Amino acid sequence: MSAMDNAQSKIRVALLFGGRSSEHAVSCATAGGVLRAIDRRRYDVLPIGIAPDGRWVLLPDDPEPLELRRGHVPAVPESAPGVVVPTSTRERGLRVLDRGEMPQELGDVDVVFPLLHGPFGEDGTVQGMLELADIRYVGSGVLASAAGMDKHFMKVVFAGAALPVGPFTVITDAQWRHDPAAARDAVAGLGMPVFVKPARAGSSMGITKVTSMDDLDAAVENARQHDLKVVVEAGIVGREIECGVLEGHDGAPPRTSRVGEIVVRSGHGHDFYDFEAKYLDTDDSVELTCPADVPADIEARIQELAARAFLALGCEGLARVDCFYTEGGDVLINEINTMPGFTPYSMYPQMWLASGLTYPELIDELITLALERPVGLR
Ligand SMILES: Nc1ncnc2c1ncn2[C@@H]1O[C@H](COP(=O)(O)OP(=O)(O)O)[C@@H](O)[C@H]1O
Ligand SMILES: [Mg+2]
């Protein structure tokens, strides 16, 4: 086979990463992991970064600069050549626009892999843009992405499907500005502690554990730095157990992984599973264990809830469902992530590894699911 034939028979994947959210660096790190692991015999990879200002740029196929470690926070350079994505169903070709140069055709892509976390990436906006052009992509569509991103509507959907969620209240921007006393009353009704969160963020950004009403206003203001809509939840005492979900092929039910546990050790300055503990953990304050040491019936219960949560939201491709397992033996759903942490060391790939699927196989599986899926309403 000539090099040309070989190139033509490969599936062209555009990796999309970075983005406008506060999880930009995390997304870059994920892209680095995927670039290293993706099967080059099957896939032709186009690394496309989204700069913090939203500019789409073509980047070199090199995982090195994308690594996240203490002292190195990766970012997509705004100066790289711009990439334009079609918005019509007539073309799937991407174009490179370099200042003062003729536009250069990058050719069609078969599938886009949005490795984006947070708003303007994981929330249906990018998915909507790809839908406009009938471009296939990995993961959930517009509605599931948007509802999964918003901790308020996510809970509304779960509660509507009779899935167990903890007590919470929502503080909208209008409420906070015009009637903060009512908002404080609603929070007081939840008891202490509470977790104050931006409705649409991720990686624990903007989240504060509040143990006294005196600290509430500061926590709300902190959350509002990320999103003007704030969700306040009753603190749940329990173990954090997570489950990976993969869409079934051809209408089959979703598949669930072995469950994993996050153990945040006390005495390391992490009050909960915060950003530092998630990504910059150098003191072993956090341990990811999979399979988690829970009774078999509890694992089965979490897997069942995870699959139901996936279906309730109308997810596609993948999702990670995070639960609390309380001392009383109850399981509550904390949240669903439609684009969970996806570095090779992240919980989602680790849970699938413990279930018999390696990281490169998982990447392969997700791309296959995306290619199987019809475009348009489905
Ligand atoms: N209601 C709650 N009760 C107890 N701990 C919580 C609660 N909500 C969040 N946490 C802690 O905060 C972490 C981050 O919260 P989460 O809702 O998962 O936000 P993110 O979407 O940023 O991951 C959780 O992993 C958990 O450690
Ligand atoms: Mg979380």
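Residues numbered from 1 in each chain as written. Chains lettered and ligands numbered in written order. Predicted model: local features only at pLDDT ≥ 70, side-chain atom pairs only at ≥ 80, totals over all residues. Heavy atoms only, no water.

### Side note on the overall build of the protein chain
Working step 1: A tally of regular secondary structure across the protein chain gives twelve helices and 16 strands.
Working step 2: Projected onto the principal axes, the alpha-carbon positions of the protein chain cover approximately 65 × 50 × 45 Å.
Working step 3: Of all 378 residues assigned to the protein chain, the portion counted as buried reaches 52%.
Working step 4: Accessible area of the protein chain: about 16,600 Å², with a carbon and sulfur share of 52%. (Helix = DSSP H or I, 4+ residues; strand = E, 2+ residues; numbered from the N terminus. Buried < 20%, exposed > 50% of the residue type's maximum accessible area, 1.4 Å probe, protein only. Areas by Shrake-Rupley, 256 points an atom, 1.4 Å probe, with all protein chains shown as cover.)

### Concerning the environment of Pro65
Working step 1: Inspection of the secondary structure assignment puts Pro65 in the loop between β3 (56–58) and β4 (82–84).
Working step 2: For Pro65, a relative accessible area of 41% translates into the label partly exposed.
Working step 3: Beyond its immediate chain neighbours, meaning those up to four positions away, Pro65 contacts His72 and Pro74. (Contact = heavy atoms within 4.5 Å.)

### Focus on the site of ligand 1
Working step 1: Lys151, Lys197, Ser204, Ile236 and Glu240 are the nearest of the 18 residues found near ligand 1.
Working step 2: Between Lys151 and ligand 1, the recorded distance is 2.5 Å, taken from a side-chain N or O atom to an oxygen atom.
Working step 3: With respect to ligand 1, the backbone of Tyr273 contributes an N or O atom lying 3.3 Å from an oxygen atom.
Working step 4: Contributions of two or more residues to the shell around ligand 1 are made by β9 (194–198), β11 (230–234) and β16 (331–337).
Working step 5: Here the shell around ligand 1 is built from residues that sort into seven nonpolar, five polar and six charged.
Working step 6: Counting contributing residues, the shell around ligand 1 receives three or more from each of domain 2 (148–165 + 236–354 + 361–372) and domain 3 (168–234). (Near = heavy atom within 4 Å. Polar contact = N/O pair within 3.5 Å; in protein donor to acceptor, adjacent residues only side chain to side chain. Nonpolar A, V, L, I, M, F, W, Y, C, P; charged D, E, K, R; others polar. Domains from an automatic or database assignment.)

### Comments concerning the pairing of β16
Working step 1: Of all seven residues making up β16, seven are buried, and the element is well covered by its neighbours.
Working step 2: Pairing analysis gives six bridges linking strand β15 (residues 318–326) to β16, with the strands arranged antiparallel. Across the sheet, residue Arg320 finds its bridge partner in β16, namely Asn337.
Working step 3: Taken together, β15 and the strand that follows it, β16, pair antiparallel across an intervening segment of four residues, in which Gly329 is found at a positive phi of about 90 degrees. (Pairing = 2+ DSSP bridges.)

### Observations concerning the pattern of salt bridges
Working step 1: Summed over the entire model, instances satisfying the criterion amount to 28 salt bridges.
Working step 2: Its salt-bridge partner being Asp44, residue Arg12 comes within 3.6 Å of it at the nearest N-O pair. One end of the pair, Arg12, is in strand β1 (residues 11–18); the other, Asp44, is in strand β2 (residues 43–50), with 32 residues separating them in the sequence.
Working step 3: Of the residues examined, Asp44 reaches a relative accessible area of 28% and is grouped as partly exposed. (Salt bridge = Lys/Arg side-chain N within 4 Å of Asp/Glu carboxyl O.)

### Observations concerning the side chain of Asn337
Working step 1: The topology assignment puts Asn337 in strand β16.
Working step 2: Judged by relative accessible area, which is 14%, Asn337 ranks as buried.
Working step 3: A distance of 3.3 Å separates polar atoms of two side chains, one belonging to Asn337 and the other to Asp322.

### Here's the deal with the packing of aromatic side chains
Working step 1: For the structure shown, the criterion picks out five aromatic pairs.
Working step 2: Where Phe342 meets Tyr348, the ring centres are 6.2 Å apart and the plane angle is 35 degrees; that geometry is what we call tilted. The pair Phe342 / Tyr348 is uniform in exposure class, with both members buried.
Working step 3: Members of the aromatic cluster, connected to one another through ring pairs, are Phe113, Phe342, Tyr348, Trp352 and Tyr359.
Working step 4: Cation over ring: Arg373 sits above Tyr137, and NZ or CZ is 5.2 Å from the ring centre. (Phe/Tyr/Trp six-rings, centres within 6.5 Å; stacked < 30°, edge-to-face > 60°. Lys NZ or Arg CZ within 6 Å of the ring centre and 35° of its normal.)

### Quick notes on unusual backbone geometry
Working step 1: Residue Met192 is joined to Pro193 through a cis peptide bond whose omega torsion reads 0 degrees.
Working step 2: Looking at the secondary structure, you find Pro193 in the loop between α7 (180–188) and β9.
Working step 3: Cis geometry is found at the peptide bond from Cys290 to Pro291, where omega equals -5 degrees.
Working step 4: Tracing the chain through its elements places Pro291 in the loop between β14 (286–289) and α10 (296–313).
Working step 5: If you check the backbone angles, Asp134 has positive phi at about 55 degrees while not being a glycine.
Working step 6: The residue Asp134 is located in the loop between α3 (125–132) and α4 (142–149) in this model.
Working step 7: A residue is classified by how much of its surface remains accessible, and Asp134, at 26% relative accessible area, is partly exposed.
Working step 8: A positive phi angle is found at Asp250, which is not glycine, with a value near 50 degrees.
Working step 9: Inspection of the secondary structure puts Asp250 in the loop between β12 (238–246) and β13 (255–264).

Keep in mind that these numbers describe shape and distance, not what the molecule does.
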